[in-house]
Amino acid sequence: MIPQEFRYLRPASLDEAVAALADPGAKLLAGGQSLLPLMRLRFAAPDALVDLQDVAELKGVEVRGEELRIGALTRHVEVAGLDTWDALRGAAQQTGDRQVRRLGTIGGAVSHADPAGDLPAALLALGARAELVGPGGRRSVPLEEFFTGPLMTAATPGEVLESLFVPLPSGGSGSAYCKLAQDASGFALVGVAARLGLDKGGTCRMAGIGVTGVGFTPYRARAAEELLLGSRLTDADIEKAARAVLEDVEVAADAYASAEYRAEMCRLFTRRALAAALSKAQI
Ligand SMILES: Cc1cc2nc3c(=O)[nH]c(=O)nc-3n(C[C@H](O)[C@H](O)[C@H](O)COP(=O)(O)OP(=O)(O)OC[C@H]3O[C@@H](n4cnc5c(N)ncnc54)[C@H](O)[C@@H]3O)c2cc1C
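This report concerns the structure included in the present document. In this numbering scheme, every chain counts its residues from 1 along its sequence in written order. A pLDDT threshold of at least 70 governs which residues receive local features in this predicted model, and a stricter bar of 80 or more applies before side-chain atom pairs are shown or counted, although totals over entire chains, interfaces and linings include all residues. The side-chain values count all of the structure's non-hydrogen atoms but skip hydrogen atoms and water molecules.

Moving on to the site of the ligand. Near the ligand there are 29 residues, and of these Leu28, Gln33, Leu35, Thr105 and Asp118 occur at the shortest range. Where accessible areas are quoted, they stem from the Shrake-Rupley method and a 1.4 Å probe; at the residue level, only the protein chains shown are allowed to cover. Protein chains bury 88% of the 970 Å² of accessible surface belonging to the ligand in isolation. Secondary structure is summarised from DSSP: a helix means a run of H or I of at least four residues, a strand means a run of E of at least two, and numbering begins at the N terminus for each. Secondary-structure elements contributing two or more residues to the shell around the ligand are strand 2 (26-29), helix 6 (106-112) and strand 10 (160-167). It is helix 6 that contributes the most residues to the shell around the ligand, four residues altogether. Under the scheme applied, nonpolar residues are Ala, Val, Leu, Ile, Met, Phe, Trp, Tyr, Cys and Pro; charged residues are Asp, Glu, Lys and Arg; polar residues are all the others, including Gly. Class assignment of the residues belonging to the shell around the ligand gives a composition of 11 nonpolar, 15 polar and three charged. The criterion for a residue being near a molecule or strand is simple. One of its heavy atoms has to lie within 4 Å of it.

Spelled out as structure tokens, the structure:
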């Protein structure tokens, strides 16, 4: 279908983008890989599209202090080439097909807040935060508080996601992303990202688990993480964490997977992601 007619704006700076977004009928356009299909189906019909591609402040990847700053306009293909965290690289590599990865952006994926989005799971496991800029200034939101419902976020209507900040790895840490993809679309039936940090004696001092495709938003599995902290990460410890990964989560059911199957796969993929993160942490 052809989208409804809209005005096309192309701001040259973040200030201009924020000003353009003051129009309640305006919507930001990044890679267009989620928004344009919605517009073609007329599930979205903005009066104006604010194309972010010339906004330099949203670009670039660099180390800032103890964090990696990833500009919101960074394409999936660029994230797939980063050598900091395997979970982040793996999630980007497993997002969509080559065309989607070349056009889609990390800021678009996080702002779209698809309950089955891959990058959100990795960012949650890594303890990332989002930096937003709007008419009221700049603010930082832990990603754990960012996803408020299916396709809903903590960003207010006038705010632009400027960048994502991911803590840098320290010694003895490893991460992984494991995904069970739906055959037709490639979206996650279940996706689990895990991050582990070990002290010199091999005890777990840091644990992060991000889950996608299972609940109504990507989420961080805090109860499972807490069971790992202070443990030796034996098979039995990992099993206990896998059993806790669905605590307080209403597991989704749809035409592709029953809630029971999803729950079983979620536990299995949690074991796999934790085992893979552990093997990397020991290298
Ligand atoms: C065929 C296909 C397969 C796909 N497969 C997968 C998959 O396997 N896994 C997966 O996770 N995703 C998948 N996707 C989605 C893809 O990852 C999108 O790229 C991503 O969800 C949105 O990024 P974008 O840059 O294209 O955003 P856009 O489509 O441009 O925008 C998406 C939404 O975010 C808002 N937005 C964009 N940038 C900002 C910003 N900086 N600040 C605030 N709001 C902003 C827009 O207004 C819009 O509401 C697939 C998409 C397609 C078309």
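Next comes the rest of the write-up.
Even without being a glycine, Leu151 presents a positive backbone phi close to 60°. Secondary-structure assignment places Leu151 in the loop between strand 8 (147-149) and strand 9 (152-153). Of note in this structure, Asp248 is not a glycine but carries a positive phi near 65°.

Here we come to the sheet that holds strand 11 (residues 173-181). The antiparallel open sheet is built from four strands, whose spatial order is 11-12-13-14. Each edge of the open sheet carries a strand with a single partner, namely strand 11 and strand 14 (219-220). Each pair of strands is called paired provided DSSP finds at least two bridges between the two strands. As paired strands, strand 12 (residues 188-198) and strand 13 (residues 204-212) are joined by eight bridges and run antiparallel to one another. When the sheet's bridge partners are listed, Arg195 is paired in strand 13 with Gly208. Throughout, a residue-residue contact means that at least one pair of heavy atoms, one from each residue, lies within 4.5 Å. Note on method: axes are straight lines fitted to C-alpha atoms, helices fitted across the in-contact stretch only, with angles between N-to-C directions ranging 0 to 180 degrees. Against the sheet, helix 7 (residues 118-125) makes contact with strand 11, strand 12, strand 13 and strand 14, and its axis sits at roughly 160° relative to strand 13, the strand it touches most.

Just distances and angles here, no functional claims.
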